Amino acid sequence: MDLHFLDAVPEDAEREAVDAVLGPPDSGWDGGTRQASDLRFAEGGHVARGRRDLLLPALHAVNDRVGWISQAALDYICRRLTIPPAEAYGVATFYAMFSLKQRPRRVVHVCTDIACAAKDSASLCAQLTERVGEPGSEDGEFTWHESPCLGLCERAPAAVSLQAGDPPRYSVAAPANVDDIVPAPGEVPAAEASAAASANGHGASGNGHGPSLDGDRPQRRTTFSPETLPGPAPEPPPHAAVPQAGDPDLVLLRRIGVVDPTSLDDYRANGGYAALREALRLGSAGVIREVSDSGLVGRGGAAFPTGRKWDGTAKRPETPRYVICNADESEPGTFKDRVLMEGDPFSVIEALTIAGYANNAAMGYIYIRGEYPRALWLLENAIELARARNLLGTDILGTGFDFDIEIRRGAGAYICGEETAIFNSIEGLRGEPRSKPPFPVERGVFGKPTAINNVETLVNVLPIVLQGGPAYASIGTGRSTGPKLFCVSGAVERPGVYEVPFGADLRELMEMCGGVGTGSDGRERVPRAVLLGGAAGGFVRGDELDIPLTFEGARDAGATLGSGVILVLDESVDLTAILVRIAAFFRDESCGQCVPCRVGTVRQEEALVRLSQGTGARRTDLALLREVGDAMRDASICGLGQTAWNAVESAIDRLGAFGPQEEPTL
Amino acid sequence: MSTPVAIGAPRRLVEATVDGQVVRVPEGSTILDACEEVGTDVPTLCYGDTLTPRNACRVCVVEVEGARTLVPACSRKVEDSMSVATDSERVRHSRKMVLELLGSSVDLSTTPGIPEWNERYDARPERFGPRAEPAPMGEREARRAGEHTVGDGMAAETVEQPTKIDNDLYVRDYGKCIMCYKCVDACGEQWQNTFAIGIAGRGFDAGVSTEHDLALPDSACVYCGNCIEVCPTGALMFRSEYEMRQEGTWDEENQSQTTTICTYCGVGCNVTLHVQENEIVKVTSPHDNPVTHGNLCIKGRFGYQHVQQRRHD
Ligand SMILES: Cc1cc2nc3c(=O)[nH]c(=O)nc-3n(C[C@H](O)[C@H](O)[C@H](O)COP(=O)(O)O)c2cc1C
Ligand code: SF4
Ligand code: SF4
Ligand code: SF4
Ligand code: FES
Ligand code: FES
């Protein structure tokens, strides 16, 4: 391959950031200074190309350090990894968090998605626009963007600020007000902050937990500084999102609010790593048998039996095999995985280790969305501590089992939660879904057999291994076994993550949350609609609260549990505006590969805008929506396009969003 | 010329039905192959006879019994006892919508097959309303992933933008691009290994681009024109053809095609000269040629001026 590079020279900070990920260059061939000895041999090629999966981490490193990716920085990354610049450019421009244009160091993501829209994110945006200009304007000290769901829906409206530097810093404002978000004049350094001021300080931090300093632990390397940016009040601890915290009957949320999420000792003192020991005793086949017997099905949305997935992967002849924890959590209204990762990070590490053992995998990846700085920080810490105690690495607990985990951080793309898009994203390609077959079990990441599971699915494996599959299967109903997490937000008294055994109905869950409560005028609020399963799920009416929250129950009611979203909308919400927002979400998040989704989501949004403003022919537009929707569902490559019309369809048919239904005539 | 002799074990045959008709094809064949075998016409756009299918356009979808969604005929392999329907209500609907969605967002005026398919599937792209104004040059490329301004819904958004004319040999009119990925694959690892172009951006705003949207002369492009060879829409076009079309002198009916051997070197690539009024107006290459599979280098593709130079002496 004879690649063509630009002649631009990277800044020192850019070079340093890249070298910190890739190590220093060996020779002139991979981006170092050209020396006479370089003329005697050629190197790079296959070896460098074999590290293509470091493209995404390298792009993050530059973006985190200087706030944007210059031509020279991209060129340097390409030289180091032997990647054609046109391809790397295609990857960088795929992600919302990267900028290829110079911009201020601080970027604020203001959520305008469903739960936040219901909590008046519009006026937050209006105030921001008035104070500092339109979203994306880059002449001030910081820039802001409207963002899809940030996974902080229980504290809507939410905003996350990220500031480039060494190390980068963040803050979370939720509920956000405009004064928290706008930095004080001079607060954002124009040039890089001095290293001393922002050294990886292990002091009190504003993010709810000062890192514990027990033992003579090695100096940690985490992506973000634990010291959050000044401005918003300190983020409440993770267990604030769990109203049931401390209840001894909890299974999945048992440790949340009980253990210190930064301490491995505390985790072990609370039953941590007992499941791994038990798993190692059971043997790989034994673990898979328990998981199969448990009846556990995936909690990421597709409800596929986990035992079957693992059995398929473990039996494949090809090696190495991989396991992946899908922590991309970007389905609007979903925040359970965040709470698990922040409140009990070691449980995710332990569960993925068991998955690695059962599937005979060489390596595990955690693919976490880019907008979860606190969860990232806590997982990085947890992995480092687990390595130091031989709970990861070679010969784990003296059993001869070798396994390690790497974290890969997404960069703002909902589609990168789709399992095959994750593979491409990890491999340093654009996060476009692959067509199936072949399925991940046969050919997953790096073309090898891969078992990929949602965070919540994996965490269920711990009680399964400890109690045994059959005992676990006795919880719940029929095909829906075990405990389930629900992400309740919107018009309820106590939003948050709730754990219930499968079998409760929507009304019972709403009661646990204190009901819809009273509005600001003191009158009892009326639930108008409940969005079940997120933007890819569907609406049910506020008077359909008898729907059982099981996979079968939801399906029989023509709904879906999806990722466990229960988003309650009362009468005060402008439903048609919410539908336009959902359409805009799918348009923004379509990868663009296939026509039904790439163009269909645009036409869907246009028709919904006309319907909501009363500017088109109502019947024609409803029929058009249905026709486009049917084709998206039937002919799209992946689940995004296939579900992009679900919520809109349910709003039309079930809620009567645009008036009574008539036979569509064209 | 001798015919290539197949070596290796003969492939097992699999049996399936296409619209009720039994067909036996070698294992590994696609549904499209099976349809060809029984003489069923399936529209295709992103499928390329010399490339690995990307199954991106979805105009070739068919219904496979038992499958939840429709499947792309161009890439799905035939399995034993598969039952395929190519003209069911669902198939016709999705094909019609793909044609309408593309037709309403892309300039398909130079894409062969479109008028006939639109008629066959009763596709009326104008249903989505008047077309939005084309974007100014460079505006689409500058859009940030995951962000757009919601319009008023009164005009159908398109990908149209001015034609990129930055070199003497060929033009890129991405307002005609259906995002079939074929040029990218031909330029990259499937044929040319130059990697001058890639897909950039995301969703509706994605497009084919050099790094940082550089002009072709500043990019890695070597002007082999192998991207033009596979482009199904005329988005990539010889500058000569583009200019004749602008002047209204392009007249395909009155062109002759002569396949001959490139004189520049010993590889012996086949070149097909398209000649109108005794002038070479463009050069293609036969896709079934075992040496080149439709690929050429800059000399065979664009180096024909000396032939006509003689005439003016
Ligand atoms: C557009 C799209 C987005 C998805 N996002 C997520 C996600 O953020 N987290 C997740 O666990 N699964 C997500 N999925 C589902 C995954 O593709 C996959 O089914 C899941 O990770 C499998 O794990 P499970 O069996 O444990 O549920 C998504 C699917 C689609 C189609
Ligand atoms: S359905 Fe949408 S997101 Fe999925 S592959 Fe097609 S364009 Fe991409
Ligand atoms: S002419 Fe050749 S090198 Fe240039 S973009 Fe097309 S395929 Fe790539
Ligand atoms: S330019 Fe042509 S070949 Fe390339 S993606 Fe567009 S339509 Fe396909
Ligand atoms: S954080 Fe705003 S909708 Fe989820
Ligand atoms: S021709 Fe099959 S999907 Fe495009």
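Residues numbered from 1 in each chain as written. Chains lettered and ligands numbered in written order. Predicted model: local features only at pLDDT ≥ 70, side-chain atom pairs only at ≥ 80, totals over all residues. Heavy atoms only, no water.

Remarks on the domain arrangement of chain A
All names here are of chain A. Assigned domains within chain A: domain 1 (12-92), domain 2 (106-175), domain 3 (249-474), domain 4 (477-570) and domain 5 (575-653). A C-alpha centroid distance of 26 Å is found between domain 2 and domain 5. Listed as interface residues are six residues of domain 2 and, on the opposing side, five residues of domain 5. Of the roughly 450 Å² buried where domain 2 meets domain 5, counting both sides, 66% is carbon and sulfur surface. Considering only the surface of domain 2 that becomes buried against domain 5, D113, I114 and P148 emerge as the three largest contributors, covering 73% of it. Our enumeration of links across domain 2 and domain 5 arrives at zero salt bridges. Seen at the junction of domain 2 and domain 5, the total is two residue pairs in polar contact (both at pLDDT 80 or more). (Domains from an automatic or database assignment. Contact = heavy atoms within 4.5 Å. Buried area = accessible area lost by both parts, 1.4 Å probe. Salt bridge = Lys/Arg side-chain N within 4 Å of Asp/Glu carboxyl O. Polar contact = N/O pair within 3.5 Å; in protein donor to acceptor, adjacent residues only side chain to side chain.)

Describing the pattern of salt bridges
All names here are of chain A. Counted according to the given criterion, the structure contains 70 salt bridges over all chains. E456 is paired through a salt bridge with R299; the nearest N and O atoms lie 3.8 Å apart. With E456 in helix α17 (residues 455-467) and R299 in the loop between α11 (284-294) and α12 (306-315), this residue pair connects regions lying 157 residues apart in the sequence. Residues E456 and R299 agree in their burial class; the two are buried. One salt bridge connects E456 with K484, and the closest N-O pair in it is separated by 3.0 Å. Residue E456 is found in helix α17, and its partner K484 is found in strand β12 (residues 483-490); the two are separated by 28 residues along the sequence. Each member of the pair, E456 as well as K484, carries the same accessibility label: buried. Connected via shared salt-bridge partners are E154, R155, E235, R338, E342 and R374. (Helix = DSSP H or I, 4+ residues; strand = E, 2+ residues; numbered from the N terminus. Buried < 20%, exposed > 50% of the residue type's maximum accessible area, 1.4 Å probe, protein only.)

A closer look at the sheet that holds strand β14 (residues 527-532) of chain A
Residue and element names in this part refer to chain A. Spatially, the five strands line up as an open sheet ordered β13-β12-β16-β14-β15, and their pairing is mixed. One side of each edge strand has no neighbouring strand; the edge strands of this open sheet are β13 (496-501) and β15 (538-541). If you compare each strand with its neighbour and ignore which way they point, the axes differ by 30 degrees on average. Sheet topology note: the β14/β15 ladder contains four bridges and is antiparallel. (Pairing = 2+ DSSP bridges. Axes fitted to C-alpha atoms, helices over the stretch in contact; angles between N-to-C directions.)

Focus on helix α21 (residues 575-589) of chain A
With 15 residues, α21 of chain A should reach 21 Å at 1.5 Å per residue; the first-to-last C-alpha distance of 21 Å fits that figure. Extensive coverage of α21 of chain A is indicated by the burial of 14 of its 15 residues. (Expected span 1.5 Å × (residues − 1).)

Focus on the domain arrangement of chain B
Residues and elements named next belong to chain B. Taken domain by domain, chain B holds domain 1 (11-131) and domain 2 (170-308). Computed over C-alpha atoms, the centres of domain 1 and domain 2 are 26 Å apart. Buried surface at the junction of domain 1 and domain 2, both sides included, amounts to about 1600 Å², of which 56% is carbon and sulfur. Our enumeration of links across domain 1 and domain 2 arrives at one salt bridge. Remark: the boundary between domain 1 and domain 2 carries nine residue pairs in polar contact (both at pLDDT 80 or more). Within the side of domain 1 that touches domain 2, the residues separate by chemical class into nine nonpolar, seven polar and three charged. (Nonpolar A, V, L, I, M, F, W, Y, C, P; charged D, E, K, R; others polar.)

Digging into the packing of aromatic side chains
Within the structure shown, the criterion is met by 16 aromatic pairs over all chains. With 6.4 Å between their ring centres and 50 degrees between their planes, Y365 of chain A and F446 of chain A make a pair best called tilted. You can see Y365 of chain A sitting in strand β6 (residues 363-368) and its partner F446 of chain A sitting in the loop between α16 (419-426) and β9 (450-454), a full 81 residues away along the chain. Residue classification places Y365 of chain A among the buried positions, given a relative accessible area of 4%. Between F401 of chain A and F403 of chain A, the ring centres sit 5.8 Å apart and the planes meet at 15 degrees, which makes this aromatic pair stacked. A relative accessible area of 1% places F403 of chain A in the buried class. Through successive ring pairs, a cluster of aromatic residues spans F94, Y95 and F98 of chain A. Seen from the ring of Y76 of chain A, R15 of chain A lies directly overhead, with NZ or CZ sitting 4.9 Å from the centre. Just above the ring of F128 of chain B sits the side chain of R127 of chain B; from NZ or CZ to the centre is 5.9 Å. (Phe/Tyr/Trp six-rings, centres within 6.5 Å; stacked < 30°, edge-to-face > 60°. Lys NZ or Arg CZ within 6 Å of the ring centre and 35° of its normal.)

Considerations on the environment of V62 of chain A
All names here are of chain A. With respect to the helices, strands and loops of the structure, V62 is situated in helix α3 (residues 55-66). Here the alpha-carbon distance between V62 and V21, two residues 41 residues apart in the chain, equals 9.9 Å. Residues in contact with V62, not counting those within four places in the same chain, are E14, A17, V18, G67, W68, I69, A73 and I77.

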